[in-house]
Structures are given as structure tokens and as C-alpha cells.
Amino acid sequence: MSTETILPINRQSVLAQSQSKQEPQWMSDLRLKGLELASTLELPRLEKTRIDRWNLDSYGTYITTEVIGSISELPEKTKQLLNEENSGNLLVQRNSGVVYSQLSAELVKQGVLFLDLETALQKHGDLIQTYFMKAISQDEHRFSALHSALWNGGVFLYIPKNVKVELPLQSLFLTDDAKATFAPHVLIIAEANSSVTYVENWISSAEGERVANGMVEVFVKQGAKVQFASVHELDDQVVDLTYRRAIIDNDARMEWIIGELNSGNVVSDTTSILKGTGSSSDAKVICVGTNEQKMNLTTRAVHHGRNSYSDMITRAVMRDQSTAIINGVTKIEKGATGANGQQTEKVLMLSPQARGDANPILLIDEDDVKCGHAASVGQVNPEQIHYLMSRGIAKKEAQRLIIYGFLAPVVSQIPIEKLAEQLQHLVERKLGQ
């Protein structure tokens, strides 16, 4: 039995937002349907996490942000995250809207589309309609319904058939106005035999509690390859709700690199749907928890295709009174013969009050498959600390070395050097080292 749900937005504001952007009728209808669904759907049920106790109402209102002419006009903290060598392929969203968008002439010539989703809706409406909210359904839970009703800004990335994009494309999402809605939607389509690397950073500043409700949909067509790297560094007043999903066709490959380095509460769900024969996915996730932060992280691979392969590695470092629930789910559907799903979840706790749960889950409906999992939760081994100190290393430095040795299996495999360096720096900063 469910009680009446009081939503943080209303029909009038949703319709006014859609009309102000001159969106096509189908998008207005979709937004209103999302609002209607949100009033009836429950919150997602998460393992050992009472999200109903979190502040989930501070969505703010849609606020238009002025477009900037140069990245020099961005806050200094934001500029530090940009890859200057590739500033010609960059998109920046500030609060409710995109303020900067640039794509090199060479990629434009090859037919690559990299622009804000709101503009793409005007220029490529039929393409957007085919894929928008198709990987993640509106009616999955209240978060997905609300997102479909109030999404703003966002990214549309389209790679034509046989096009190989060598340099990473970068997006930056900044929330620095607590009154502004912040719900980016990223939509990526990689056509057959194409390849692309996409990197995004989420950061925040400003006082005031708020909710970031972001979603990512990736469609990887036959023989294509997508590398998706995302680092979230939102402050302790932001509740981060992020759902990512990829649909992977025959012989296609999806690689996720996720850094959950927020200071506030987090729900993160990263899912690969291995639809095609010979499809593969790889997910590497790092998270660091501090203070009284609560995190629920799920990495999932669902195998439909024959001879499909998935690998998932998660490393979490928890300090103070922080809590992390780490879920790894490998699902092999009937008919996915020859599928191979592997996963590893490990949690390192730096204080007696910290808590980490690693939950490997295997759901197998086919006989001719391979599956494996490994999970561990524990504190820093005092014998390791003692050994390093006996070699003349100070206790603080010894602990630092053990932490980075723990994270190394993930960081060392990140194929983007600058991202690996950035993750290392952010981990050091969050742990105060």
C-alpha cells in the first residue's frame, strides 16, 4: 500500500519549461507523463539504504544561464578540470543549461554531433525521439520518472558509422546555484564500427541543499566501442542520484570508468545490457567515503547475447562514520550460451566506525556459462603498517601507500592517463593526504 506522493515539481512548471524551449509535442507529452508516473511510483528499493530519510525534494526551478564566449570566464576550480589540449571539443553545463559548446571542424566534417541535448532536440528531433528514455524507462521508479519530467541541459553525442574519434570529447557539469534545477541527460549513439572516448566531470559550489538527478543512455551498435569516464565531485549538500545504462550490440564494447568522489549522499547505478552476440563490457569504479556520508553503488551486467563477456571491478575506501553498500550484479539470461561474467568488490575501512558491505550477486538462467566473483571487506592490516614503519616509513605515509596499493588494480588499468592522474589527486585531497 502506498501513500500519496507530494512531488517537488508541478504540472504547470513542467509545461511552462517545455513551452519556453519550444520543444516538440512528443517531448512535452513525455515530460507530463513522467510527472504523472512520479506521483504513483515508489522510490527504488536499495539494499540496506534508507533513502526515504534523505532530502529528496530540493530540485529547484529551471533557471536560464548566460552563455559564455570563452572558457576563461568559468570559475577557476572548473578550469582546472579541463584538458587544454582538447578545449576545441568541449561542452559545459552550468546549473540548468549549457553555457559553452565547441566541436572541432575536423569532427564536424566527419559528421560527428556533439552539442547540448536541448539544441539537438530542435535540430535532430526524430533521432532523439528514437532513443530518449529507451535504455532507462520512465516507469522504472520515481527517480527515472522525475528525471524525464524535469531534465535540462544535457549532452547529445552521435558518432557516424566507421568514424573513429581519436581525442576524448569532454563535458563539464557545474552546479553553483542551489535554486536551480540540475538534472542533465547524456545521450550517446555510436553507430556500427565507430569508436569514441567521452569524459565528464561533475562539480559543485554554493550553499544550500539540492538534488542532482542525472541519467546516461549509451547505445553501442555492432562492432563499435565506447569509453565512458565520469568523475563526480559534488559537495556534502548535494544528494547525487545517477543512473547510467548502455545497450551493447553484436561484437560491440562498452567501457565504464567511474569515480564517485562526492562528499554528500550518493545513489549510483551503472548497468551494461549485453544484447548482442560477442558483446562485451568492462566497468571500473572507485569511491571514497568520509564523515557521515552514505553511498549505495550498483554495477550490473545483464547478458542476453551468446559469447558475451563482462568484467566489473569496484574499490571503496571508507573513513570516519561513512557507509557504503557495494552491489555487483551479474545476470545471465536464458539463451546467453557461452557468456562469461566476472566481478570483484573490495572495501577498505580506515576507521572502526566506517562501514562497508560488498554484495556480489549472480543470477544465472543458462547452463553453458562461466561466472566468478570475489568480495572482501576489512580494515587496514596493522601488520602491513608495522612492516612499512620498520623500514623507516612514517605511519601516515605507510597508510597512504597501503591505500594506493589497494586502489592500484583499478587506477593502473584506466586507459586515459590524465583521468588516472586526476582520480589519484582527488582521492588524496578527499582523504586529506
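As shown above, the structure is provided for reference.
First, a word on scope: everything that follows refers to the structure included in this document. Everything quoted here is computed from the prediction, not taken from an experiment.

1. Observations regarding helix 7 (residues 142–150)
Line of reasoning, step 1. The buried fraction of helix 7 amounts to 9 of the 9 residues, a majority that puts the element mostly inside the structure.
Line of reasoning, step 2. In this fold, the buried residues of helix 7 make contact with helix 1 (11–20), helix 2 (25–38), strand 6 (185–190), strand 8 (210–220) and strand 10 (238–248).

2. Digging into the environment of Val199
Line of reasoning, step 1. Topologically, Val199 is positioned in strand 7 (residues 195–204).
Line of reasoning, step 2. Separated by 192 residues in sequence, Val199 and Arg391 have C-alpha atoms that sit 40 Å apart.
Line of reasoning, step 3. Beyond its immediate sequence surroundings of up to four residues, Val199 is in contact with Pro168, Leu169, Gln170, Ser171, Ala229 and Ile416.

3. As for the sheet that holds strand 12 (residues 266–274)
Line of reasoning, step 1. The 9 strands lie next to each other as 3-4-6-8-10-12-14-16-18, forming an open sheet whose pairing is mixed. Taken across any chain shown, the strands that pair with only one partner, and hence form the sheet edges, are strand 3 (113–116) and strand 18 (355–364). Between one strand and the next, the sheet's axes are offset by a mean angle of 5°, whatever the strand orientation.
Line of reasoning, step 2. Strand direction decides the pairing type here: strand 16 (residues 323–332) and strand 18, joined by 10 bridges, are parallel. The residue of strand 18 that forms the bridge with Thr323 is Arg355.

4. Details of the nonpolar core
Line of reasoning, step 1. Ile128, Phe132, Phe143, Phe156 and Leu241 are the most contacted members of the largest nonpolar core, which totals 48 residues.
Line of reasoning, step 2. Of all the elements, helix 2 adds the most residues to this core, at 7 residues.
Line of reasoning, step 3. When neighbours within four sequence positions are excluded, Ile128 is seen to be in contact with Trp26, Leu117, Ala120, Leu121, Phe156 and Leu187.

5. Some details on the packing of aromatic side chains
Line of reasoning, step 1. This structure, assessed with the given rule, holds 6 aromatic pairs.
Line of reasoning, step 2. Judged by centre distance (5.4 Å) and plane angle (50°), the ring pair of Phe132 and Trp151 falls under tilted. Highlighted residues: Phe132 in the loop between helix 6 (125–131) and helix 7 and Trp151 in the loop between helix 7 and strand 4 (155–159), separated in sequence by 19 residues.
Line of reasoning, step 3. Ring centres of Phe182 and Trp202 lie 5.4 Å apart, and the angle between their planes is 75°; on these two criteria the pair is classed as edge-to-face. Here Phe182, found in the loop between strand 5 (169–175) and strand 6, pairs with Trp202, found in strand 7; they are 20 residues apart in sequence, far enough to count as distant. Take Phe182 and Trp202: they sit in the same class, and that class is buried.
Line of reasoning, step 4. Each member of the aromatic cluster is reached from another via a ring pair, and the members are Phe173, Phe182 and Trp202.
Line of reasoning, step 5. Taking NZ or CZ as reference, Lys21 lies 5.5 Å from the ring centre of Trp151, over its face.
Line of reasoning, step 6. In this structure, Arg315 is placed above the aromatic ring of Phe406, and the distance from its NZ or CZ to the ring centre is 5.6 Å.

Parameters at a glance
- Residues numbered from 1 in each chain as written.
- Predicted model: local features only at pLDDT ≥ 70, side-chain atom pairs only at ≥ 80, totals over all residues.
- Heavy atoms only, no water.
- Buried < 20%, exposed > 50% of the residue type's maximum accessible area, 1.4 Å probe, protein only.
- Helix = DSSP H or I, 4+ residues; strand = E, 2+ residues; numbered from the N terminus.
- Contact = heavy atoms within 4.5 Å.
- Pairing = 2+ DSSP bridges.
- Axes fitted to C-alpha atoms, helices over the stretch in contact; angles between N-to-C directions.
- Core = buried A, V, L, I, M, F, W, Y, C linked by side-chain atoms within 4.5 Å.
- Phe/Tyr/Trp six-rings, centres within 6.5 Å; stacked < 30°, edge-to-face > 60°.
- Lys NZ or Arg CZ within 6 Å of the ring centre and 35° of its normal.

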